[in-house]
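If you want the building blocks of each chain, they are given just below.
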Amino acid sequence: MTLSRPSAILLGLVSLLGGAHVKAEMKVEDGYELWLRYAPRTQKTSTARIASLVMQGESKTEQIALAELQRGLAGLQGADVPRSHAVGNGSLLVGTPNSSPLVAALGWGHELARLGPEGFAIRSLTLHGRRATVIASQSAVGCLYGSFHLLRLLATGQAVPKRGIAEKPRIRRRLLNHWDNLDGTIERGYAGQSLWRWDELPQKMDARIADYGRANASLGLNGAVLNNVNASPEILTGAYLAKVAALADVLRPYGIRVYLSANFAAPKALGDLATADPLDPAVAAWWKKKAQEIYDLIPDFGGYLVKANSEGQPGPFDYGRSHADGANMLADSLAPLGGVVIWRAFVYQAGVDYDRIKRAYLEIMPHDGEFRSNVFVQAKNGPLDFQVREPFHPLFGGLAKTKVAVELQITQEYFGHSTHLVYLGQLWHEFLTAETYAKGTGSKATGSTVAAAVDGTLFSHTDSLIAGVANTGSDRNWCGHPFAAANWYAFGRLAWNPLLDPDDLAREWVLQTWGSDPRVVETSLDLMKRSWPAFIDYDSPLGLAGVYEKDLHYAPDPGMVDARHEDWSASYFNRADAAGLGFDRTRKGSGAVDQYHAPLPDLFDDIDRCPEKFLLWFHHVPWDHRLKSGRTLWDELCLRYERGVREAAAMKAQWEGLKSRVDPERYRVVLEKLSQQAEDAKAWREKSLGYFRQFSGRPIPAASGAERP
Ligand code: BDP
């Protein structure tokens, strides 16, 4: 199976088989090609044609870049582009100063050095009297990234700007975190089974792994944690490491380093030692030996991701040791070999504080300054758990001496799984551009956004890391919902540059995924733009959180009580009672507002100034409290749910307008899912308002949702 151009079965065949009425040039597509379809553009562009490819380097990675350019240009330009040894008119020259004498002769060494090992430059220029385009980098991987960049420009109808392009990633480690289990299932995965076929590896390698690498490289992603954070110790056995090494060999030429989730108790669980105490020399020695074994097989191994003392996972607390003790012991085993430890901050030990969202900050902050230099503390974007909207985690801007990494969730655990269309670009943008005020207020605040905390510039860290919990699986279209691939895409592009505009990214993705028919493009973009606000409205408006049914996390069930843990109960989070709704985190309540830098605590603390999007997150609001709209909380809540329901219905109707403009299979899949989404929205409103009404005791206003937003 390879990512080929859209299969060339034409309408005639489609109508014979299914009778769909589509335009004559419509191809049958199944989504496997993702955004790398390279379909010929139907709209005119001013972009100059590439007439030949000049590539002197012979490394695997450069060969991959060459093959990609050949495939992409053949598709986009409608004819094969020959490889040539000399630069002619319309040539595209690709290479590094080391691999290509032609590139070396350009004298760009200084600039390329400034762009770093993964950066690249693209320029149109005259070479020996011929008009040519050059993609150059210090490294082969940079050439691959540059090739994908140029193909993206061509596929989206953009020309190389006159001043040229100089790109380098703002974040050094750009990872997918796969929550894949060794039995092939995926925790919170909604697109089939794991891509890694552990039972067949290492003897048999699925050709799809290279396509996975290719899709990631097209975005600039350069790392993958292969297994679930709820880690099976077995992944560290010799038998599994051989499988991991085989995958690493396939992914390496795409610039992807492999990382593993490590079970903290592995030395004990695998039967080698009686303890996993991080301060026991035998334990440290076990991990040192393990690290050496891994690096012998995988010389560029990235490191360990660790979920410790969280949700039943083992960790240093089991031996009375601290987070820093645990992380540092592992870090010391990896440091001489070049690996890092990614220590998750998704920790919430009962007893630390009644308010669950305060606990990670309270557990981790006292250790700021104790962690080794090859440790990252990886926090989720918000202090709870990938909810539909959360204020940023106060560890961003809080931790100063520790490198803080962020974990975003691409897979839609709380966003309707692979059934609802929800584009997450705006959510991530809101988060990344949030001001932490770590450097004070006013002009001093400049540069203290969450993005600056993550890319390391806020506190001058030289290494940086961003991770996205992957939504990929064995489904033919990779992510289950055709539009879910947009979230993989947007995450990858934001990992390269967190300041990119989510609307621009949506446009890029749509043009490459659905083609350039203006009606299809504008409708798809509109759907994506409306999808997150709509989802918030019919799922968790006004800062509600944790409203979900037990374990599954699909539909809301705000009255759900989980006997296992109070802080797994929906009612614990929304605290609906006769007085009102929401969690009081003001200074009169849990005081969580004070985990932020001024002026945020005062802002969040004041019910009249707190942004309404976080109102029920920070306040227990009386049912008759007036909101900015002049409506009471109860009326506003009803309106929001109703508005969400209307939006979901409108999204479906909008898509129906694209029948005959979109290839039949992808059209059908999206329509089916949007229909379910519209039905769910109604049911979710009923369920939620039905529950809250028992407390508000007020009627649901008849015309609550008459207007569209
Ligand atoms: C929660 C998920 C759970 C994960 C956990 C985590 O429900 O499946 O194991 O986060 O991130 O969101 O560790």
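A brief structural summary. (Residues numbered from 1 in each chain as written. Predicted model: local features only at pLDDT ≥ 70, side-chain atom pairs only at ≥ 80, totals over all residues. Heavy atoms only, no water.)

1. Points about the pattern of salt bridges
Once their charged atoms are close, side chains differing in charge can pair, the charge on each being opposite to the other. Convention followed: Each reported salt bridge corresponds to a side-chain nitrogen of Lys or Arg within 4 Å of a carboxyl oxygen of Asp or Glu. Strands are runs of DSSP state E lasting at least 2 residues, helices are runs of H or I lasting at least 4, and numbering of each runs from the N terminus. Note on exposure labels: buried denotes an accessible area under 20% of the residue type's maximum, exposed denotes more than 50%, and partly exposed covers the range between, all computed with a 1.4 Å probe on protein chains only.
Applying the stated rule across the entire model yields 54 salt bridges. R172 is the partner of D463 in a salt bridge, and the nearest nitrogen-oxygen pair spans 3.6 Å. Of this pair, D463 sits in the loop between α13 (450–455) and β13 (465–469) while R172 sits in the loop between β5 (165–167) and β6 (173–177), placing them 291 residues apart in sequence. In this structure D463 comes out as buried when scored by relative accessible area, which is 11%. The class of R172 is partly exposed, set by a relative accessible area of 44%. Here the salt bridges share partners, and the residues they tie into one network are E29, R37, D663 and R666.

2. Remarks on the sheet that holds strand β1 (residues 52–55)
Our working definition: At least two DSSP bridges between two strands are required for those strands to pair. Orientation is described by lines fitted to C-alpha atoms, with helices fitted over the stretch in contact, and by angles between N-to-C directions that extend from 0 to 180 degrees. Every residue pair with non-hydrogen atoms within 4.5 Å of one another is taken to be in contact.
The five strands lie next to each other as β1-β2-β4-β3-β5, forming an open sheet whose pairing is mixed. Sheet topology places β1 and β5 at the edges, where each strand pairs with a single neighbour. Averaged over all pairs of adjacent strands, the angle between strand axes in this sheet comes to 20°, irrespective of strand direction. Strand direction decides the pairing type here: strand β2 (residues 91–95) and strand β4 (residues 130–136), joined by five bridges, are parallel. Bridged to V94 within β4 is I135. Contacting β1 and β2, helix α2 (residues 60–77) crosses the sheet at an angle of about 175° to β1. Along the sheet, helix α5 (residues 140–155) makes contact with β2, β3 (120–127), β4 and β5, crossing β3 at roughly 70°.

3. Re the site of the ligand
We count it as follows: One heavy atom within 4 Å of a molecule or strand makes the whole residue count as near it. Between N or O atoms, a polar contact is any pair within 3.5 Å; within protein, one atom must be a potential hydrogen donor and the other a potential acceptor, and residues adjacent in sequence are included only when both atoms are from side chains. In this description, accessible areas are obtained by the Shrake-Rupley approach with a 1.4 Å probe, and a residue is regarded as covered only by the protein chains that are shown. Three categories are distinguished: nonpolar for Ala, Val, Leu, Ile, Met, Phe, Trp, Tyr, Cys and Pro, charged for Asp, Glu, Lys and Arg, and polar for the others, with Gly belonging to the last.
Around the ligand, the structure places 14 residues, and the nearest of them are E187, K307, R344, D385 and E413. Within the contact set of the ligand, an oxygen atom lies 2.6 Å away from a side-chain nitrogen or oxygen of K307. Residue E413 places a side-chain N or O atom 2.5 Å away from an oxygen atom belonging to the ligand. For the ligand, whose accessible area on its own is 320 Å², the fraction buried by protein is 96%. In terms of residue class, the shell around the ligand is built from four nonpolar, two polar and eight charged.

4. Considerations on the sheet that holds strand β9 (residues 303–306)
Ordered in space as β6-β7-β8-β9-β10-β11-β12-β13, the eight strands form a closed barrel in which the pairing is parallel. When strand polarity is set aside, the average angle formed by the axes of neighbouring strands in this sheet is 25°. Where strand β7 (residues 223–225) meets strand β8 (residues 257–261), three bridges bridge the pair, whose relative direction is parallel. Residue V225 lies in a different strand from β8, and its bridge partner there is Y259. Along the sheet, helix α10 (residues 323–334) makes contact with β9, β10 (340–344) and β11 (375–380), crossing β10 at roughly 160°.

5. Let's talk about the packing of aromatic side chains
To keep it simple, the criterion reads: Any two rings among Phe, Tyr and Trp, with Trp reduced to its six-membered ring, count as a pair given centres within 6.5 Å; such a pair is stacked if its planes are under 30 degrees apart, edge-to-face if over 60, and tilted if neither. The criterion is that NZ of a Lys, or CZ of an Arg, lies within 6 Å of the ring centre and within 35 degrees of the ring normal, and then a charge sits over that ring.
Within the structure shown, the criterion is met by 38 aromatic pairs. Judged by centre distance (5.4 Å) and plane angle (75°), the rings of F396 and F431 are edge-to-face. With a gap of 35 residues between them, F396 in the loop between β11 and β12 (403–409) and F431 in helix α12 (residues 425–432) connect regions that are remote in the sequence. Since its relative accessible area comes to 5%, F431 is described here as buried. Seen in terms of ring centroids, W514 and W655 are 5.4 Å apart; in terms of plane orientation they differ by 75°. Their pairing is edge-to-face. Taken together, the positions of W514 in helix α15 (residues 502–514) and W655 in helix α20 (residues 633–656) put the pair 141 residues apart, joining distant regions of the chain. For W514, a relative accessible area of 7% gives the class buried. The rings of Y32, W35, W196, Y212, W478, W488 and Y489 are connected pair by pair, giving a single aromatic cluster. Seen from the ring of F376, K403 lies directly overhead, with NZ or CZ sitting 5.7 Å from the centre. Over the ring of W514 we find R666; its NZ or CZ atom is 4.1 Å from the centre of that ring.

6. Thoughts on the packing of helix α7 (residues 238–251) against helix α9 (residues 281–297)
For clarity, the threshold we go by: Two helices cross in a left-handed way if the nearer one is turned anticlockwise from the farther one by less than a right angle. They cross in a right-handed way if the turn is clockwise.
The geometry of α7 relative to α9 is characterised by a closest axis approach of 9 Å and an angle of 35° between their N-to-C directions. The two elements α7 and α9 meet at a crossing, and its hand is right-handed. Contact residues: α7 offers G238, L241, A242 and A245, while α9 offers K290, E293, I294 and L297. Classifying every residue of the contact of α7 with α9 by side-chain character gives five nonpolar, one polar and two charged.

7. Notes on the side chain of T419
Within the element layout of this structure, T419 appears in the loop between β12 and α12. For T419, a relative accessible area of 19% translates into the label buried. Setting aside chain neighbours within four positions, we find T419 in contact with H481, Y554, K673, Q676, Q677 and D680.

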